[in-house]
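Fold and contact review
Chain by chain, the residues:
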Amino acid sequence: MDTVPFGIDFGGSGIKGAPVDLDAGEFIGDRVRIETPQPSTPEAVAGVFAELLGRFPDSNGSVGVTVPAVVRNGVASSAANIDRAWIGTDADALFTEATGRDVHVVNDADAAGLAEVRYGAAKGRRGLVIVTTLGTGIGSAIVYDGVLVPNSELGHLEIDGQDAEKAAANSVREKQDLSWSKWAKRLTTYYRTLEKLFSPDLFVLGGGVSKHADQFVPLIDVETEIVPAQLKNRAGIVGAALWATESTDEAPR
Ligand code: BGC
């Protein structure tokens, strides 16, 4: 019997999930959203994952979960914008135990990067692609010839003596009520730094704000081709399901 993988996007305000058709990069049916418990400790969110999965009895495959943190072998080792209890937690083991499913956790931007490279704005692109997500923080995924180099954390580059995401994340634009052009100036500084360090072939710009891409992407003044992400709110869930499926022991490496 074919297995149907499941993707979960764990965010600060909502936990969203859906079964995923990995041939199409689409949800199978509707996505469900449950409020993120506060505080969002791994134990508290494990309960929500079990509830979420219970609503999809036909999904029987591996489960991928995005987390806004560095994740190595299922263990989170940073917590810039989430509860500190995540640090050192073996999230794969905890969630597998809580849900009875084969769960694999992945950095949120890495999941989005995988999805964009497989199905979206960077589909079929060779060379070095850097996918950035502009949200509460800045997430990054480095992909070379379709292969992800995980946990790049380029939102925390120090630029002009400051953590880059503290100057240029979308949450900063909102908090400081920056105009699109003022924000684009900050983004220009950010992407020029990435250009200098990595000489990428393509930047893909994701995060919820990418739905307003025409307001600010043309104002970012860099040499490298820069395009908005295409998967929109599907990127995390689809990328997580892909990661989980390709992380299971049976998957070819
Ligand atoms: C975290 C990253 C995450 C990014 C986007 C950063 O603050 O360090 O792990 O990918 O925010 O959520």
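The paragraphs below set out a description of the structure included in this document. (Residues numbered from 1 in each chain as written. Predicted model: local features only at pLDDT ≥ 70, side-chain atom pairs only at ≥ 80, totals over all residues. Heavy atoms only, no water.)

Attention shifts here to the nonpolar core. If you look at the biggest cluster of nonpolar residues, it comprises 28 residues, and the most contacted ones within it are Leu134, Tyr191, Phe216 and Ile220. For this core, the leading source of residues is helix H6 (residues 180-198), giving six residues. Those residues in contact with tyrosine 191 that lie beyond four places of it in its chain are Thr132, Leu134, Phe203, Leu205, Ile220, Val222 and Ile226. Ala46, Ala69, Ala76 and Ala79 belong to the second-largest nonpolar core, a separate cluster that totals 26 residues. (Core = buried A, V, L, I, M, F, W, Y, C linked by side-chain atoms within 4.5 Å. Buried < 20%, exposed > 50% of the residue type's maximum accessible area, 1.4 Å probe, protein only. Helix = DSSP H or I, 4+ residues; strand = E, 2+ residues; numbered from the N terminus. Contact = heavy atoms within 4.5 Å.)

Its 19 residues give H6 an end-to-end C-alpha distance of 26 Å, which sits within 8% of 27 Å, the value for a rise of 1.5 Å per residue. Along H6, the residues that are buried comprise Trp183, Ala184, Leu187, Thr188, Tyr190, Tyr191, Thr193, Leu194 and Glu195. Serine 199 lies just past H6 and shows a positive phi near 45°. (Expected span 1.5 Å × (residues − 1).)

In this section: helix H2 (residues 91-99). Listed as buried for H2 are Ala91, Asp92, Phe95 and Thr99. Viewed end-on, H2 has its buried residues packed into an arc of 100°, placing them on one side of the element. Elements in contact with the buried residues of H2: helix H1 (42-54) and strand E8 (103-107). One or two steps after H2, the chain reaches glycine 100, where phi turns positive at roughly 70°. (Arc of directions from axis to C-beta.)

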